[in-house]
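Close look at the chain arrangement
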Amino acid sequence: MIASLGFVASLVLALMLQIVDLPEWAAVARPAWPLLVIGYWALYAPNAPAILAAWLLGICCDVLLSAPLGQHALGLVVVAIVIRRLSGIYILFPLWQAALALIPVWALYVFLMFWIDGLARHAADSTLRWMPIVSTTIAWPIFAGLLDSFRARRTRNRDRMRLP
Amino acid sequence: MNTTLSDSSRNSLFPRGPGLGVKLTLLASLSILLMVAEKRGNPQLELARQWLSWALTPVMWIATSPAEVAGGVDHLRSREALLRDNHELRERLLKQDARLLRLESLEAENIRIRELLASSSSLEDRVLIAEVLATSQDPYRHQIVLNKGGRDGVYRGQALVDAEGIMGQVVQVNPGSSVALLITDPDHGIPVEINRTGLQTIALGRGDGHGLSLPYLPGNADVKVGDLLVTSGLGGRFPAGYPVGTIHELKHAGGESFMEAIAYPKAKLSQGRQALLVWSERALPSSGTEEEPIAVPIDLPVKPEAAATTATPKKPAPAAVPPAPTPTSAPPAAPAPAPKSAPAAKPAAAPKQQPVTP
């Protein structure tokens, strides 16, 4: 019960962090929070419904960011599935190595967004687009570590899959 | 405290329910279906988006609260700063009052002259002040969310201005809020004229957050750095005569027949918490997507664009306008080359009445 509450709370928090007002120079380097939170749950919580959550979170992102309905949903679902699929490999890496190994996944997500925007005739500055990959990679160890310590405190004595 | 494998590990080894491939196919095709349906303009999806947007309002409120808290810190400013502000504002008010006095007489004169010309368009526009709820959620999508929506009569395509100039237009209306596209967005184009010469062109957003691009200027156009751009009112989206920006740079590649100008918007797009929604005269009540072509006598060789500006009556009697060219905002200085530049009417905002030649 508490576990699922934490799950939902982390999703809502990611949504808020994604739309919170930032100064212009910082907004460029805003990490893709939905990506971080979905990546974490897909990787370290094998029984969390991460894929369905990815889709719902994506739809919420689309509404809040006024993107075509389904754009972020598609990207997040693909990311969640890829990470679930490869979680057997990723789980072996220590935190910082996992951060590096996840770069292609973030790049895939950003490329999908870029591609859909192109199909929807939404031109955009392409240098700004790739910045979230860098910031998400930097934010990953911090974010995953924090979220994991929260979970670890709750489920201290239970046999759970956690960060190695 | 169990010593055996927990449920979680067992589930991951032998997953029950649909597999990953099935989930991927299902959700991905659902997403793609949604995108295609929305592109086709499905009304139910529009409704669903409005409902979702309404349901997510609390999230937006909480997310914008840090900015409000930062605004609250302003209350703790020193007395000196407040006094200084007050003094400055008083001075400004005095200056504005003086200008307003002159403006009133000018307005009266303008109305008299318009009556002489039997033109029915008025100078005053109906406006509504809206608070900016959220800004710049994406660095490459220049949009703001306003706290006024369909309940307040906001409509799609409505112009948005601030104290300095045009900010953008409303692209999505929810019951209690609306989303506006700023003029710097790469998707946005606005018909403008150069205030000094009356030259008509289109200003597109550059997408870098603070620039406009005028790509359809003929190579010999009379444009200078510092020229003021005002809305031309063509297309009916934006009311005529509002400042849009000032020319900052001219790029003329040798051998090219077109030159490009870079302008900076007048409006303070990323500052301030308030904006004005303007009801322009020729706005269509609901969607504004279908523009009716208006019969404008285009056989006047000298100034077709001036005639187009006057042809903005309230819809019923479009043909009743006499073919009298009245320059509303531009000084009558557009000689022969000016009409030649008119075929720059490319984006959707441009009206049909232009004699378009590629």
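All values derive from a computational prediction rather than experimental measurement.

So, on to the overall build of chain A. Scanning chain A from terminus to terminus reveals nine helices and zero strands. Looking at the 164 residues of chain A, the share that counts as buried comes to 43%. The long-range share in chain A, meaning contacts at least 24 apart out of those at least 6 apart in sequence, stands at 64%.

Let us look at the overall build of chain B. Within chain B, the regular secondary structure consists of seven helices and twelve strands. Within chain B, buried positions represent 34% of all 358 residues.

Another aspect to go through is the sheet that holds strand β12 (residues 274-279) of chain B. All names here are of chain B. Spatially, the six strands close up into a barrel ordered β1-β2-β5-β4-β3-β12, and their pairing is antiparallel. Averaged over all pairs of adjacent strands, the angle between strand axes in this sheet comes to 45°, irrespective of strand direction. Bridge count between strand β2 (residues 143-146) and strand β5 (residues 178-182): four bridges; the pairing is antiparallel. Counterpart to Leu 146 in the pairing with β5 is Ser 178.

Quick look at the nonpolar core now. Core analysis: the largest hydrophobic core is formed by 103 residues, its most contacted members being Ile 38, Ala 54, Val 77, Val 79 and Ala 80 of chain A together with Ile 166 and Ala 203 of chain B. When residues of this core are assigned to their parent elements, the largest contribution, eleven residues, is made by helix α4 (residues 50-65) of chain A. Discounting chain neighbours no more than four positions away, the residues touching Ala 80 of chain A are Ile 38, Ala 42, Ala 50, Ile 51 and Ala 54 of chain A.

A separate point is the sheet that holds strand β7 (residues 200-205) of chain B. Residue and element names in this part refer to chain B. Taken together, the six strands give a closed barrel; going around it, the order is β6-β7-β8-β11-β10-β9, and neighbouring strands pair in antiparallel fashion. The mean inter-strand angle of the sheet, taken between neighbouring strand axes irrespective of direction, is 40°. Across three bridges, strand β6 (residues 189-194) lies against strand β9 (residues 228-231) in antiparallel orientation. Residue pairing across strands places Glu 193 opposite Val 230, the latter belonging to β9.

Residue and element names in this part refer to chain A. Although it is not a glycine, Ser 66 sits at a positive phi angle of roughly 55°. Of note, Ser 66 is situated in the loop between α4 and α5 (71-85). On the basis of neighbour count, Ser 66 is assigned to the partly exposed category, with 19 C-beta atoms found within 10 Å.

All names here are of chain A. Remark: α4 packs on α5, axes separated minimally by 7 Å, with the N-to-C direction vectors making an angle of 155°. One way to sum up the angle between α4 and α5 is to call them roughly antiparallel. In terms of crossing hand, the pair formed by α4 and α5 is right-handed. In this structure, α4 contributes Ala 50, Ile 51, Ala 54, Trp 55, Leu 57, Gly 58, Ile 59, Cys 61 and Asp 62 to the contact, and α5 contributes Gln 71, His 72, Ala 73, Leu 74, Gly 75, Leu 76, Val 77, Val 79, Ala 80, Ile 81 and Arg 84.

To continue, consider the confidence of the model for chain A. Averaged over every residue, the pLDDT of chain A is 84; residues scoring 70 or more account for 90%. Ranking the elements of chain A by mean pLDDT puts helix α2 (residues 24-28) of chain A last with 73 and α5 of chain A first with 93.

Residue and element names in this part refer to chain B. Along the chain, the position of Ile 183 falls in the loop between β5 and β6. Assessed through the 28 C-beta atoms surrounding it within 10 Å, Ile 183 is described here as buried. With near-sequence residues (within four places) excluded, Ile 183 lies in contact with Ile 166, Met 167, Gly 168, His 188, Ile 190, Gly 205, Leu 212, Val 244 and Pro 265.

Residue and element names in this part refer to chain B. Within β7, six of the six residues are buried, which leaves it mostly tucked inside the rest of the structure. With five bridges connecting them, β6 and β7 associate as antiparallel partners. In the strand pairing of β7, Val 192 is matched with Thr 201. Linking β6 back to β7 in an antiparallel pair, the connection comprises five residues, with Gly 198 at a positive phi of about 80°. Sheet topology note: the β7/strand β8 (residues 212-218) ladder contains two bridges and is antiparallel.

As a further point, take helix α1 (residues 2-19) of chain A. Residues and elements named next belong to chain A. With 18 residues, α1 should reach 26 Å at 1.5 Å per residue; the first-to-last C-alpha distance of 26 Å fits that figure. Turning to α1, its buried residues number three or more, namely Ser 10, Leu 11, Ala 14, Leu 15, Gln 18 and Ile 19. Along the axis of α1, the buried positions cluster into a sector of 165°, meaning they face one direction only. Counted as exposed and oriented over 90 degrees from the buried face of α1: Ile 2, Leu 5 and Ala 9.

Rules used in this analysis
- Residues numbered from 1 in each chain as written.
- Chains lettered and ligands numbered in written order.
- Predicted model: local features only at pLDDT ≥ 70, side-chain atom pairs only at ≥ 80, totals over all residues.
- Helix = DSSP H or I, 4+ residues; strand = E, 2+ residues; numbered from the N terminus.
- Buried ≥ 20, exposed ≤ 12 C-beta atoms within 10 Å, placed from the backbone.
- Contact = placed C-beta atoms within 7 Å.
- Pairing = 2+ DSSP bridges.
- Axes fitted to C-alpha atoms, helices over the stretch in contact; angles between N-to-C directions.
- Core = buried A, V, L, I, M, F, W, Y, C linked by C-beta atoms within 7 Å.
- Parallel < 35°, antiparallel > 145°, perpendicular 65-115°, else oblique.
- Left-handed = near helix turned anticlockwise from the far one by under 90°.
- pLDDT = per-residue confidence, 0-100.
- Expected span 1.5 Å × (residues − 1).
- Arc of directions from axis to C-beta.

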